[in-house]
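Letter by letter, the chains look like this.
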Amino acid sequence: MDWVNAIVQGTLLGGLYALFAAGLSLIFGVMRLVNIAHGDLIVLAAYLGLTVVAATGWHPLLALVIVVPVMGALGYALQRGVLNQTLGDDLLPPLLVTFGLSVIIQNALLEGYTADPQKISAGALETASFQVAGLSLGVLPVLTFAMAVAVIGGLQWMFYHTALGRAFRAVSDNQEIAQLMGLNRRHVFGLAMALSLGVVAIAGVLLGIRTSFDPSAGGARLIFGFEAVIIGGLGNLWGTLAGGVILGVAQTLGAKIDPGWQLLAGHIAFLIVLAVRPNGLFPRVSG
Amino acid sequence: MRVTRTSRAARVAAVIGALVLIVLIAAPWWAGRADLRLLGEIFLYLALASLWNLMAGYAGLVSVGQQAFVGFGGYMLFALTIFGGLPPVVAIAGAAILGALIAVPVALLLFRLRGAYFAIGTWVMAEVFRLSFAQISALGGGSGSSLPADIVRSIADSRETREAVAYWMALGAAMLVIAAVYLFLRSRQGLALMAIRDNELAAGSLGIDIWRTKFVVYIATAGLTAMVGALIFLQKLRISPDAAFSVNDWTAFVIFIVVIGGIGTIEGPIIGTLVFFALRETLADLGTTYLIVLGLVAIVVMLKAPRGIWGLIRARYDIQLFPLGYRVIPDQKD
Amino acid sequence: MAEPLLSLNGLTARYGDFQALYGVDMHLAEGEVLAIIGANGAGKTTLMRSVSGLIGNAAEQVMYRGAAIGALRADQVAGLGIALVPEGRQLFPSLSVEENLLIGGRARRRGPWSLGAVFDLFPILEERRAVPSTALSGGQQQMVAIGRALMANPDLILFDEISLGLAPVIIRSIYDALPGIIGEGMSAVIVEQDITKALSVSDRVYCLQEGRVSLEGASRDVSRAEISQAYFGVA
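Residues numbered from 1 in each chain as written. Chains lettered and ligands numbered in written order. Predicted model: local features only at pLDDT ≥ 70, side-chain atom pairs only at ≥ 80, totals over all residues.

Looking now at the overall build of chain B. Summing up its helical and strand segments, chain B has 16 helices and four strands in all. Taken over the C-alpha trace, chain B has a radius of gyration of 20 Å; the compact-globule value for 334 residues is 20 Å, and the two agree within 12%. For chain B, the spread of C-alpha atoms along the three principal axes comes to 70 × 50 × 40 Å. Expressed as a percentage of its 334 residues, the buried residues of chain B come to 43%. For chain B, contacts bridging at least 24 residues in sequence account for 79% of all contacts bridging at least 6. (Helix = DSSP H or I, 4+ residues; strand = E, 2+ residues; numbered from the N terminus. Rg over C-alpha atoms; globule rule 2.2 N^0.38 Å. Buried ≥ 20, exposed ≤ 12 C-beta atoms within 10 Å, placed from the backbone. Contact = placed C-beta atoms within 7 Å.)

If you want it as structure tokens, here you go:
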């Protein structure tokens, strides 16, 4: 039963990882950009949530109403101000610029908030749980998983049933010809990044409620998101959810064997998938 | 009309370089303790930067996980001297070889990824190394261990001599790496590499085995990086997983050095290292602000002057201090 | 004479060190159909890309309705009512036939063309509306590309080598439909390698040779000999 519990907890954890990964996957799909600062932006969102809660006294989930638009606006500005200039055939500029961004964000957070670990308090939500079939499920993990499903479902719907989604796909296919349709690609990329950081905002606040975080936590979040994307397969958002779940389950099972093995177990699962299925389990495009 | 590889600038640079080298070799006699340490650190960073530049600037392999091999080399030094009973200098060579060996399975896995995903994959690998070594209690587990005094003393009897030896090894490592990079780039393999960098599709159609060339570069870089790592931790006398596999120390700073100095050139890392240390010595008191400034400078350089400082100089004056290109010298009467 | 809808004044264009157009002068009156012919590499596609904004030029080198548009971006030019059917079709592989058409109509300009109207023109597309666009045959893809441009209800439509890579019978059917497509009020520029086809549907013709205009005249008046000379540049 213990093992079943571990698998269930791991699955729910996978929801959080899928949220980390969804923004990453979206950006790569639309503009072939891998944002090394992605994890640090998640942490930034967590700090933002912390600050909003402290300033308003609201419940953190309500604070999302502020954090999501702020992060979205930040994403738009970042893309149009800096990242659009890095796009092109050369792979170094976006990589190195986002790496520089990562260092800046980490140290700016260090300056502003010190290295002390923080946590967003959400009152009862943090520990509330309910019983299902003899298992104790935390409300927060279930909520997180539900959010992940909702976000990914929403993104999928947007991609395939709205004009904006068509615009994203068209620009991703052929930037030049998309312009002939009246699409300003700099604006479209800005919107994509805004959307990505909106998802990051949700991920960050949920992270902040769940565990303590500090300015240097970004790297690990990027890695988890990245591993979820690779395990699931590029270009497939639902696959990313599956990837997150696999990663989460690997981690919780590893932790059951030995608490110090949690992270390593996840990495090993990733490496195994990389070895036997380099395109991921449910790939749609080749990277 | 004749075709030559060298130029007047290169010849002048060679002479100046030789003179500088002599002065540097003599440093233990004219430099103070702190300065000697600083110079040693500069040489080791120069070596790391030149290696990273070879991979990213020439082979197109952007790694943000080289700290894996730095730490691995450091730990191998400790393991080989403490448990293998090898003299430290031999252990350093051993670390290099082991680093190259472990890089083989690593490369086989990571080469399945491309571009930026390859980059993050290298980071994951470094994390795997870090977490794995933290599990090895014989080497101090999560809190690390110190190099035993008798091993330290086996390098040389007096502290002064030990520091001189460490310094010369650092200088030697930097010279070795730069020479190796230079000679490699002048070789046929190196020509293949530059062809790949310039146009991978065309290079492939010429029959150049892209995968193998990149593989060789990765393995060789890993081995030499491990060697530098061993030297770094020989200097520090203490190792721990967080220090050994620190992204900031062994990747972020190295990347900044190469980007600011000039990626894809041999001269670039040299200039970049000097600039980096000049900045560090003047700004480091500012702590996090210093790192933010570094990040901003790197971003601005990447956006506005992607070829770095050396790239700006080279564009203006068209010189190469390390002769890698070919020049056509017309006859006087043409 | 009324002011031309489109005029090119000393249009020059370069790709790096290579110059593709050397001061091309052209004009198109409203409602006219212009043909541009020339050998491969003559600069025809460069000219289309310049007019549609994919290539930037000096502002006054391209004048449209009296405004200097040479330096505008392609998405801005599209907003002015100029649509391009690009060389090689260049449909969006991630989009279905219907989605390709829909995205062509993004600007939602008013006019006779709608999804229904395009399907009336090319019924086969309605049958295959949900199919990924690149799964269609060459001729069908060309229909989608044309439909996509029409959906923008442009005032000026540019056709870049629509017969390229298509079987003669398909080319014939598309060109048969062309007068109906261009219909009332629309102006068109047709770039073609197939000279007969180009002359058959156009009012006037320009010939480009190595980036320069080598011939200009009424389509029904130019002789074979004049065309040969202008096309190949031999006396």
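Assigned secondary structure in chain C consists of nine helices and 10 strands. For 235 residues, the compact-globule estimate of 2.2 N^0.38 gives 18 Å, and chain C sits close to it at 17 Å. Overall, chain C is about 50 × 40 × 35 Å in size when its C-alpha atoms are taken along their principal axes. Here chain C holds 235 residues, and 46% of them are scored as buried. Of all intrachain contacts in chain C linking residues separated by at least 6 positions in sequence, the fraction that spans at least 24 positions is 65%.

With 20 residues of chain C at the interface, the matching set in chain A holds 15 residues. Sorting the residues of the side of chain C that touches chain A by element identifies α2 (74–79) and α3 (97–104) of chain C as the ones contributing at least two each. Classifying every residue of the side of chain C that touches chain A by side-chain character gives 11 nonpolar, five polar and four charged. (Nonpolar A, V, L, I, M, F, W, Y, C, P; charged D, E, K, R; others polar.)

To continue, consider the interface of chain A and chain B. In this complex, chain A contributes 33 residues to the contact, which on the side of chain B involves 34 residues. At 14 residues, the largest contribution of residues to the side of chain A that touches chain B is made by helix α4 (residues 92–113) of chain A. A class-by-class count of the residues in the side of chain A that touches chain B yields 24 nonpolar, seven polar and two charged.

What follows is about the sheet that holds strand β3 (residues 33–38) of chain C. All names here are of chain C. If you trace the six strands from one edge of the open sheet to the other, you get β6-β7-β8-β3-β9-β10, paired in mixed fashion. Unpaired on one side and paired on the other, β6 (82–85) and β10 (212–218) mark the two borders of the sheet. Neighbouring strand axes in the sheet, compared pairwise and without regard to direction, differ in orientation by 15 degrees on average. Bridge count for β6 against strand β7 (residues 156–160) is four bridges, and the pairing is parallel. Along β7, the bridge assignment pairs Ile82 with Leu156. (Pairing = 2+ DSSP bridges. Axes fitted to C-alpha atoms, helices over the stretch in contact; angles between N-to-C directions.)

So, about the sheet that holds strand β1 (residues 6–15) of chain C. Residues and elements named next belong to chain C. If you trace the four strands from one edge of the open sheet to the other, you get β2-β1-β4-β5, paired in antiparallel fashion. Edge positions in the sheet fall to β2 (18–28) and β5 (67–68), since each of these pairs with one other strand and no more. Pairing geometry for β1 and β2, over seven bridges, is antiparallel. Bridge assignment links Arg14 to a residue of β2, and that residue is Gln19.

Turning our eyes to something else, we now look at unusual backbone geometry. All names here are of chain C. The backbone of Arg65 shows a phi angle near 50 degrees, a positive value even though the residue is not glycine. Here Arg65 lies in the loop between β4 (62–64) and β5. Its identity as a non-glycine residue notwithstanding, Arg89 has a phi of 65 degrees, on the positive side. Its location among the elements puts Arg89 in the loop between β6 and α3. For Arg89, a count of 26 C-beta atoms within 10 Å gives the class buried.

For the rest of this paragraph, the subject is the pairing of strand β8 (residues 187–192) of chain C. Residue and element names in this part refer to chain C. Within β8, six of the six residues are buried, which leaves it mostly tucked inside the rest of the structure. Of the two faces of β8, the one holding Ser187, Val189 and Val191 and the one holding Ala188, Ile190 and Glu192 are both buried throughout. Note: β3 against β8, five bridges, orientation parallel. In the strand pairing of β8, Ile36 is matched with Val191. Where β7 meets β8, five bridges bridge the pair, whose relative direction is parallel. Residue Leu156 lies in a different strand from β8, and its bridge partner there is Ser187.

So, on to the environment of Arg185 of chain A. Residue and element names in this part refer to chain A. Along the chain, the position of Arg185 falls in helix α8 (residues 185–210). Expressed as a C-alpha distance, the spacing of Arg185 and Phe270, which sit 85 residues apart in the sequence, is 34 Å. Here Arg185 is in contact with Val171, Gln175, Ala178 and Gln179, once residues within four sequence places are set aside.

The share of residues in chain C with pLDDT of 70 or more is 98%, and the mean pLDDT across the chain is 89. Note on the complex model: pTM 0.89, ipTM 0.89. (pLDDT = per-residue confidence, 0-100.)

Further remarks concern the packing of helix α4 (residues 67–82) of chain B against helix α6 (residues 115–135) of chain B. When two helices pack together, their arrangement is given by the angle between the helix axes and by the axis-to-axis distance. Residue and element names in this part refer to chain B. It is the contact of α4 with α6, at a shortest axis distance of 8 Å, that shows an interaxial angle of 25 degrees. Looking at the two axes, α4 sits roughly parallel to α6. Listed contacts from α6 to Gln67, Ala68, Gly71, Phe72 and Tyr75 of α4 are Met125, Ala126, Phe129, Arg130 and Phe133. Taken together, the residues of the contact of α4 with α6 sort by class into seven nonpolar, two polar and one charged. (Parallel < 35°, antiparallel > 145°, perpendicular 65-115°, else oblique.)

Two elements in contact, helix α11 (residues 262–276) of chain A and α6 of chain B, have axes whose closest approach is 10 Å; the angle formed by their N-to-C orientations is 140 degrees. One finds that α11 of chain A runs oblique with respect to α6 of chain B. The element α11 of chain A and its partner α6 of chain B pack so that their crossing is left-handed. Residues Leu263, Leu264, His267 and Phe270 of chain A of α11 of chain A touch α6 of chain B, and the partners they reach there are Val124, Glu127, Val128, Leu131 and Ser132 of chain B. Here the contact of α11 of chain A with α6 of chain B is built from residues that sort into six nonpolar, two polar and one charged. (Left-handed = near helix turned anticlockwise from the far one by under 90°.)

This next bit is on the environment of Thr211 of chain A. Here Thr211 of chain A lies in the loop between α8 and α9 (218–232). Sequence separation between Thr211 of chain A and Gln118 of chain A is 93 residues; the distance between their C-alpha atoms is 8.5 Å.

Okay, the environment of Gly144 of chain B next. Residues and elements named next belong to chain B. As for its placement among the helices and strands, Gly144 is situated in the loop between α6 and β2 (145–146). Taking the number of C-beta atoms within 10 Å as the measure of exposure, Gly144 has 20 and is therefore buried. Counting along the chain gives 100 residues from Gly144 to Ala244, while the straight-line C-alpha distance between them is 9.4 Å. In contact with Gly144, other than residues within four places in its own chain, are Arg238, Ile239, Ser240, Pro241 and Ala243.

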